[in-house]
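Fold and geometry: a report
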Amino acid sequence: MSSIEKSFRDYEKVSKVWKKALETYSEGEISKNGSVDHWSLGQIYLHLINSTLYFHGKQIECCVKTRSNCDKRKNFKGFMVYTILGKFPPVKIKVPASDDCTPIAPLSKKEVELGLQKVDEMMCVWKELLKDDLGGKTPHPGFDYLNASEWFRLIPMHWTHHLRQKSDRDKESV
């Protein structure tokens, strides 16, 4: 199995967990707003959807369209995540507390369902795009330079990383 196919299967597996969980949440749990340092379930869902569609996916598309930065590399953190661990370390990763980095809560479960559907569609598009990967790289804020297949692999790693945060919110609801 190719690394692209493995990343795609990893995404299918983790997205199934998120979709199944969504079925169990009420409208109120999903549309509830958290804070800049304590996101609600709905905010976590929108973070995953938006970061996939508007950040990771855009980087995949940029890498496929260019041959720039081919000689650039991942930094030590990127090397550790991709080569040694194969996932994010089990620690909280703090993004700056700001309105720009804090997603707003969705208005409804339907908004989340439609977002998840759009991600599924785009994952299929990006998987096809990667067949023609020219090998360009773009910078990641924590790992330095990644190629298109590494950006694609980052998507299921990111979604898996946030399962712990989801679990924490699930415990708070009990």
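Nothing here was measured: the structure is a model prediction, and the numbers come from that model.

1. Quick look at the overall build of the chain
Helix and strand counts for the chain come out as 7 helices and 2 strands. Its helices and strands taken in sequence order, the chain reads α-α-α-α-α-β-β-α-α from the N to the C terminus. Taken against the 2.2 N^0.38 rule, which gives 16 Å for 174 residues, the C-alpha radius of gyration of the chain at 16 Å falls within 12% of a compact globule. Here the C-alpha coordinates of the chain stretch approximately 50 × 30 × 30 Å along the principal axes. Intrachain contacts of the chain at a sequence separation of at least 6 include 82% that bridge at least 24 residues.

2. Considerations on the pattern of salt bridges
Taken as a whole and judged by the stated rule, the model has 9 salt bridges. In this structure, the salt-bridge partner of Glu-150 is Lys-74, at a minimum N-O distance of 2.5 Å. With Glu-150 in helix H6 (residues 148-161) and Lys-74 in the loop between helix H3 (41-65) and helix H4 (76-85), the pair connects residues that are 76 residues apart, well separated along the chain. With a relative accessible area of 13%, Glu-150 lands in the buried category. Of the charged contacts, one joins Lys-131 and Glu-128 as a salt bridge, the two residues approaching to 3.1 Å between their closest N and O atoms. Overlapping salt bridges bring together Glu-5, Arg-9 and Lys-127 as one network.

3. Section: the pairing of strand S1 (residues 137-140)
Pairing between S1 and strand S2 (residues 144-147): 4 bridges, direction antiparallel. Residue pairing for S2: Lys-137 is matched across the bridge by Asn-147. Taking the residues between adjacent antiparallel strands as the criterion, S1 and S2 are bridged by 3 residues.

Rules and cut-offs
Positions within a chain are numbered from 1, following the residues in the order the chain's sequence is written. Note on the predicted model: pLDDT of at least 70 is required for a residue's local features to be given, and 80 or more for side-chain atom pairs to be given and counted; whole-chain, interface and lining totals, by contrast, use all residues. To get the side-chain values, take all heavy atoms of the structure and skip hydrogens and water. Helix numbers and strand numbers start at the N terminus; a helix is a DSSP run of H or I with at least 4 residues, a strand a run of E with at least 2. Every radius of gyration here is taken over C-alpha atoms, with the globule rule written as 2.2 Å times N^0.38, N being the number of residues. The contact criterion used is simple: two residues touch if any of their non-hydrogen atoms lie within 4.5 Å. In what follows, salt bridge is the name for a side-chain nitrogen of Lys or Arg lying within 4 Å of a carboxyl oxygen of Asp or Glu. Working definition: with a 1.4 Å probe on protein chains only, accessible area under 20% of the residue-type maximum means buried, over 50% means exposed, and in between means partly exposed. Two strands pair if DSSP finds at least two bridges between them.

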